[in-house]
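# Descriptive structure summary
Okay, here's what each chain looks like letter by letter:
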Amino acid sequence: MRLSKGFVAAAAAAVTVLGLTACTDSSAPAVDVETPADFAAGSTMAELADAGEITIGTKFDQPLFGLANPDGVPEGFDAEIGKLIAAKLGIQPDSINWVETVSANREPFIQNGQVDLVIATYTINDARKEVVSFAGPYYEAGQDLLVLEGNPDGIESVDDLAGKKVCTVSGSTSEANIAEYVSSPSDIIATDTYSNCLEPLRTGAVQAVTTDNVILAGLADQNEGEFEVVGEPFTAEPYGIGLALDDTEFREFVNDTLQDAEDDGTWDELWEKTAGKVLETPEPPAIDRY
Ligand code: GLU
């Protein structure tokens, strides 16, 4: 999807790096865990609240959104959104079962019931909506490019990729979107996680890595002085929370939780203690209750 100038400007502003080092303070007070509401019997909310635990799929290697700490617990904005939803169900953060989801296994993990939710830089789109449903969006990213520091190959935008090799991840929108910009499908090197694209970029096996600007900004921040984000986003990537296709009640509950967090300033707080250490604080997008 090509974008309007307005979107591109907004997305570019969103990845303006603040010049701070990302470090998530996991000891900072989380959202208060609530006494759960009286959920309708048989609803997913009642089941999860009664069980006192929830299983959430997220990324484990994406700084700012989902990066496993030394104890194996993911930290970042996606992890905070997960803790927020758990808290509304009366579930403590340490009763969340975090499961690593990579881009390609998010739909199957939801469909098989291996996870209750996926919160994993997960773009809402029509193809995915055929098999899972989405609450949100709770953030809007844009696809961009990561190159070596100093941009030795002179890649100023996605239109400069002809004849270049680019690394991305299988099963992502990034992989699908980049196809129209490379000279040949064999110029796309697809792996399982974006962190696995960094070594090919270092060695010159590829000249760029492509995915959402905020993922790339996190990787650049994590590897200071090695990489830079080109800063010309060329798609819209609204991040949703994936859940079972037919569970409308649960989707509406998650949407209500997100809406309340946007209205009462919690969304800003969660952003600022995670991705906001590196990125400017954007306006949260309007929730789409389709
Ligand atoms: N947001 C895009 C997607 O959901 C790219 C990032 C990712 O793979 O997590 O496919």
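Above: the structure in question.
Note that the coordinates shown come from a computational prediction; the quantities given were computed from them, not determined experimentally. (Residues numbered from 1 in each chain as written. Predicted model: local features only at pLDDT ≥ 70, side-chain atom pairs only at ≥ 80, totals over all residues. Heavy atoms only, no water.)

### Concerning the overall build of the chain
A count of helical and extended segments in the chain gives 10 helices and 13 strands. Evaluated residue by residue, the chain yields a buried proportion of 53% over its 290 residues. In the chain, the proportion of contacts linking residues at least 24 apart, taken out of those at least 6 apart, comes to 74%. Accessible surface computed for the chain: about 11,900 Å², of which carbon and sulfur atoms make up 47%. (Helix = DSSP H or I, 4+ residues; strand = E, 2+ residues; numbered from the N terminus. Buried < 20%, exposed > 50% of the residue type's maximum accessible area, 1.4 Å probe, protein only. Contact = heavy atoms within 4.5 Å. Areas by Shrake-Rupley, 256 points an atom, 1.4 Å probe, with all protein chains shown as cover.)

### Quick word on the pairing of strand β11 (residues 208-212)
Of all five residues in β11, five are buried; the element is thus mostly enclosed. Pairing of strand β9 (residues 166-169) with β11, which is carried by two bridges, proceeds in the parallel orientation. By the bridge assignment for β11, C167 is matched with V209. (Pairing = 2+ DSSP bridges.)

### A few points about the nonpolar core
Grouped together as the largest cluster of nonpolar side chains are 57 residues, with contacts concentrated most on L117, Y138, I241 and V254. Setting aside anything within four residues of it in sequence, one finds V254 in contact with I85, L117, A135, I241 and L243. Of all hydrophobic cores here, the second largest spans 13 residues; its members include L145, V147, I178 and V182. (Core = buried A, V, L, I, M, F, W, Y, C linked by side-chain atoms within 4.5 Å.)

### Section: the pattern of salt bridges
On inspection of all chains with the given rule, the structure shows seven salt bridges. Two residues, K83 and E80, come together in a salt bridge whose shortest N-O distance is 2.9 Å. Within this pair, K83 and its partner E80 are both found in helix α3 (residues 77-88), separated by three residues, close to a single helical turn. Using a relative accessible area of 18% as the deciding quantity, one classes K83 as buried. Ionic pairing is found between R202 and E199, a salt bridge with its closest N-O pair at 2.8 Å. (Salt bridge = Lys/Arg side-chain N within 4 Å of Asp/Glu carboxyl O.)

### Let's talk about the packing of aromatic side chains
Under the defined criterion, the tally for this structure stands at 15 aromatic pairs. With a centroid separation of 6.0 Å and an interplanar angle of 85°, the aromatic rings of F65 and F77 are classed as edge-to-face. Residue F65 is found in the loop between β2 (61-62) and β3 (66-68), and its partner F77 is found in helix α3; the two are separated by 12 residues along the sequence. When sorted by exposure, F65 lands in the same class as F77, which is buried. With a centroid separation of 5.4 Å and 70° between ring planes, the pair formed by Y181 and F234 is classed as edge-to-face. (Phe/Tyr/Trp six-rings, centres within 6.5 Å; stacked < 30°, edge-to-face > 60°.)

In short, geometric facts, not functional conclusions.
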